[in-house]
Amino acid sequence: MAIRLIVMDLDGTLLTSEKTVSDYSKSVLKRAMAKGVAVTVATGRMLLSANYFGRIIEANAPIISCNGALVQALDAKEPLFLRAFSPETVTELLTFARQSGWYAQWYIGDDIYAEDFRPEYFTAYRTVQGFSVHEVGENFAPYTEGVAQVVVRDLAGGVGEIAACIRSRFAGRVEPQQSKGYTLDLTPMGVSKATGVEAILRWAGIQASEVMACGDSDNDLSMLRMAGTSVVTANGQEEAKALASYLAPSCDEDGVAKAIEELVL
């Protein structure tokens, strides 16, 4: 069956290790869209950051951000899909993070909030224009409505232990995702990138068998499983590679663009 929707993870997949999109990749994506294919990104990043790269590639389908908790078309006023935490869960989660000595940030729409801004935790955002953090100090109560994702960061690499702790403390309410490096994404239970892709399928009238999903990491597994075509870059995690119907070159070798040339164009 022909591919009608291409969904791409950003970090480690579409983006190079320098957090940019190559001119070659941009040209290939434009050719795919000119052929009538819907193209978008699915990322754990906040909406503002996801939209920034969505505009760079001129995405013609709604953007999936916050690991599938928020799906919204470029420049749209309202989301196509949003599954937010209850304010009570956000309050409890942020309080627990502070008591545990973890650095936390959280997303509402295209805004990002934190008790204070620590540049060392935001190196992945260095190429995003217009990025800023709302520093709210200890009074985070007014900023708990409509939170699509909470992110806990630990430069010591202890996110695996933090994920286990969150699963135990917030069972049935919080879904830990992407526990690698120093970042742990927390979404409402049942949310994944596949959830976001499903929202686009309903919007566009496309079948899962007509989707090409491109990823590299543990938070991509759900959409790699559901897609008719699953592309994983050479730098990807082994668990992701095991789901690949197409193993592509690395993100620094335009792996996604080369896969699209071969499988779509």
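Predicted model, so just to flag it, every value in this text is computed and none were measured. (Residues numbered from 1 in each chain as written. Predicted model: local features only at pLDDT ≥ 70, side-chain atom pairs only at ≥ 80, totals over all residues. Heavy atoms only, no water.)

Draft legend 1. Up close: the overall build of the protein. When you go through the protein residue by residue, the secondary structure sums to nine helices and 14 strands. Expected size for 265 residues packed as a compact globule is a radius of gyration near 18 Å; at 18 Å, the protein falls within 12% of this value. Each principal axis of the C-alpha distribution contributes one length, and for the protein these read about 50 × 35 × 35 Å. Counting over 265 residues, the protein shows a buried share of 55%. Counted over contacts in the protein with a minimum sequence separation of 6, partners at least 24 positions apart contribute 59%. Looking at the protein as shown, the accessible area adds up to about 10,800 Å², and 48% of this sits on carbon and sulfur atoms. Separation between the mean location of the 23 positive side-chain charges and that of the 33 negative ones in the protein comes to 3 Å. (Helix = DSSP H or I, 4+ residues; strand = E, 2+ residues; numbered from the N terminus. Rg over C-alpha atoms; globule rule 2.2 N^0.38 Å. Buried < 20%, exposed > 50% of the residue type's maximum accessible area, 1.4 Å probe, protein only. Contact = heavy atoms within 4.5 Å. Areas by Shrake-Rupley, 256 points an atom, 1.4 Å probe, with all protein chains shown as cover. Lys, Arg positive; Asp, Glu negative; His and termini not counted. Charge placed at Lys NZ, Arg CZ, Asp CG, Glu CD.)

Draft legend 2. Summary view of unusual backbone geometry. Of note, the phi angle at Cys-66 is positive, near 50°, even though the residue is not glycine. With respect to the helices, strands and loops of the structure, Cys-66 is situated in the loop between strand E3 (63–65) and strand E4 (70–72). Notably, Asp-75 is not glycine yet its phi reads approximately 70°, a positive angle. Structurally, the position occupied by Asp-75 is in the loop between E4 and strand E5 (81–82).

Draft legend 3. Structural context of the sheet that holds E4. Reading across the sheet, the three strands line up as E3-E4-E5 and stay open at both edges, with antiparallel pairing between neighbours. Both edges of this open sheet fall to E3 and E5, since each of them pairs with a single strand only. On top of the sheet, helix H3 (residues 47–56) reaches E3 and E4; it is set at about 145° to E3, its chief contact. (Pairing = 2+ DSSP bridges. Axes fitted to C-alpha atoms, helices over the stretch in contact; angles between N-to-C directions.)

Draft legend 4. Region of interest: the nonpolar core. Within the largest apolar cluster, 48 residues are counted, with the highest numbers of intra-cluster contacts made by Ile-6, Met-8, Ile-57 and Ile-260. Setting aside residues no more than four positions away along its own chain, Ile-6 makes contact with Ala-32, Val-37, Ala-38, Val-39, Thr-40, Met-212, Cys-214, Ile-260 and Val-264. Counting 24 residues, the second-largest nonpolar core is a separate cluster that includes Val-136, Val-147, Val-150 and Leu-184. (Core = buried A, V, L, I, M, F, W, Y, C linked by side-chain atoms within 4.5 Å.)

Draft legend 5. Spatial organisation of the environment of Val-39. Of note, Val-39 is situated in strand E2 (residues 38–41). Given the relative accessible area of 0%, Val-39 is considered buried. Residues within four places of Val-39 in sequence aside, it is in contact with Ile-6, Met-8, Leu-29, Met-33, Ile-57, Ala-59, Asn-60 and Ala-61.

Draft legend 6. Summary view of the packing of aromatic side chains. Using the criterion set out here, one finds twelve aromatic pairs in the structure. Ring geometry for Phe-122 against Phe-131: centres 5.6 Å apart, planes inclined by 45°, an arrangement best described as tilted. Across the pair, exposure class does not vary: Phe-122 and Phe-131 are buried alike. Among the aromatic residues, ring-to-ring pairing joins Tyr-103, Phe-117, Tyr-121, Phe-122, Tyr-125 and Phe-131 into one connected group. Geometry around Tyr-125 places Arg-45 over its ring, the cationic atom sitting 5.2 Å from the centre. (Phe/Tyr/Trp six-rings, centres within 6.5 Å; stacked < 30°, edge-to-face > 60°. Lys NZ or Arg CZ within 6 Å of the ring centre and 35° of its normal.)

Draft legend 7. Just the pattern of salt bridges, in detail. With the rule as written, the count across this model stands at 14 salt bridges. The residue Glu-58 makes a salt bridge to Lys-30 at a minimum N-O spacing of 3.7 Å. With Glu-58 in the loop between H3 and E3 and Lys-30 in helix H2 (residues 23–34), this pair connects stretches of sequence that are 28 residues apart. With a relative accessible area of 43%, Lys-30 lands in the partly exposed category. Two residues, Asp-75 and Arg-55, come together in a salt bridge whose shortest N-O distance is 2.6 Å. Note that Asp-75 is positioned in the loop between E4 and E5 and Arg-55 in helix H3, a separation of 20 residues in sequence. For Asp-75, a relative accessible area of 59% translates into the label exposed. (Salt bridge = Lys/Arg side-chain N within 4 Å of Asp/Glu carboxyl O.)

Draft legend 8. Representation of the sheet that holds strand E14 (residues 246–248). Pairing is parallel across the open sheet formed by five strands, whose spatial order is E2-E1-E12-E13-E14. Each end of this open sheet is capped by a strand with a single partner; those strands are E2 and E14. Across the sheet, the mean angle from the axis of one strand to that of its neighbour is 20°, orientation sign disregarded. Bridging between strand E13 (residues 229–233) and E14 involves three bridges; their strand directions are parallel. Counted as the bridge partner of Val-231 is Tyr-246 from E14.

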